[in-house]
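Topology and contacts: notes
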Amino acid sequence: MPKVKVHDMKGNIVGDAQLSDEIFGIEPNTAAIHAAVKNHLANKRQGTQSALTRAEVAGGGRKPYRQKGTGRARQGSVSNPHYTHGGVAFAPKPRSYRYSLNKKLRRLALKSALSLKAANDCIIVIDNLKMEEIKTKDFAKFLSVLGIDGKALIVTEAVDENIVYSSRNISGIKTTYSTLLNTYDIMNAKTFVVDKAAIGKIEEVYA
């Protein structure tokens, strides 16, 4: 059973926390993680790209010159793709890239990502992760005393506006809460910072 140190908001170690083997101690399935990350990125795509086909560009209503006798190759329309300002062959059109993964695979990917963070000592547990007021400077100081640099995912038990608003202007920091975790955010972060109370919720929801 993985064990991690518990810190307070000043960076002091105040105890230990036992993490569930079922969530934080499985053998990571890299294929499941890859599938979940790929799915997340595909679902984020806007799919608004568009180009004009030969039927949609201006002009091209008649032959540019007669069929025979000019010595040049026969042409039917100036809207053909090989002409300048012609249409695009197999032009992309707005479409949805969204697809779904089954629940079992998504759950395996999430557990694998959390287990990978635990195995690499990238999980920091905070005892009572709270901010008394919205203050970016204080939150940046909190990250500094913990030695957090680069991307980090901050996980609270429930939505905490003081944490969200205090961290949103700090580059590389993303916040979420225990029941809204996803594999992409976990893997995209260098450090997984979680409130001690949120651990129980994670183990309850994703077991």
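One can find the structure itself at the top, above this paragraph.
Worth saying up front: this structure is predicted, and the values here are computed from it rather than measured.

With that settled, consider the pattern of salt bridges. What the rule picks out here adds up to 4 salt bridges. In this structure, Asp-16 and Lys-5 form a salt bridge, with 3.6 Å as the shortest nitrogen-oxygen distance. Taken as a pair, Asp-16 in strand β2 (residues 13–18) and Lys-5 in strand β1 (residues 3–7) lie far apart in primary sequence, 11 residues in all. The partner of Lys-190 in a salt bridge is Asp-149, with the nearest N and O atoms 3.2 Å apart. Here the residue Lys-190 occupies a position in the loop between α6 (183–188) and β6 (191–195), and Asp-149 occupies one in the loop between α4 (136–145) and β4 (152–156), the gap between them amounting to 41 residues. Residue classification places Lys-190 among the partly exposed positions, given a relative accessible area of 48%.

This part covers the nonpolar core. Of all hydrophobic cores here, the largest spans 23 residues; its most connected members are Phe-24, Phe-192, Val-194 and Ile-202. Looking at this core, the elements that each hand over two or more residues are β1, α1 (21–24), α3 (103–119), β3 (123–126), β4, β6 and α7 (196–206). Each residue touching Val-194, except ones within four places of it in the same chain, is listed here: Ile-123, Ile-124, Val-125, Ile-126, Val-155, Ile-199 and Ile-202.

Reading the values: the criteria
- Residues numbered from 1 in each chain as written.
- Predicted model: local features only at pLDDT ≥ 70, side-chain atom pairs only at ≥ 80, totals over all residues.
- Heavy atoms only, no water.
- Salt bridge = Lys/Arg side-chain N within 4 Å of Asp/Glu carboxyl O.
- Helix = DSSP H or I, 4+ residues; strand = E, 2+ residues; numbered from the N terminus.
- Buried < 20%, exposed > 50% of the residue type's maximum accessible area, 1.4 Å probe, protein only.
- Core = buried A, V, L, I, M, F, W, Y, C linked by side-chain atoms within 4.5 Å.
- Contact = heavy atoms within 4.5 Å.

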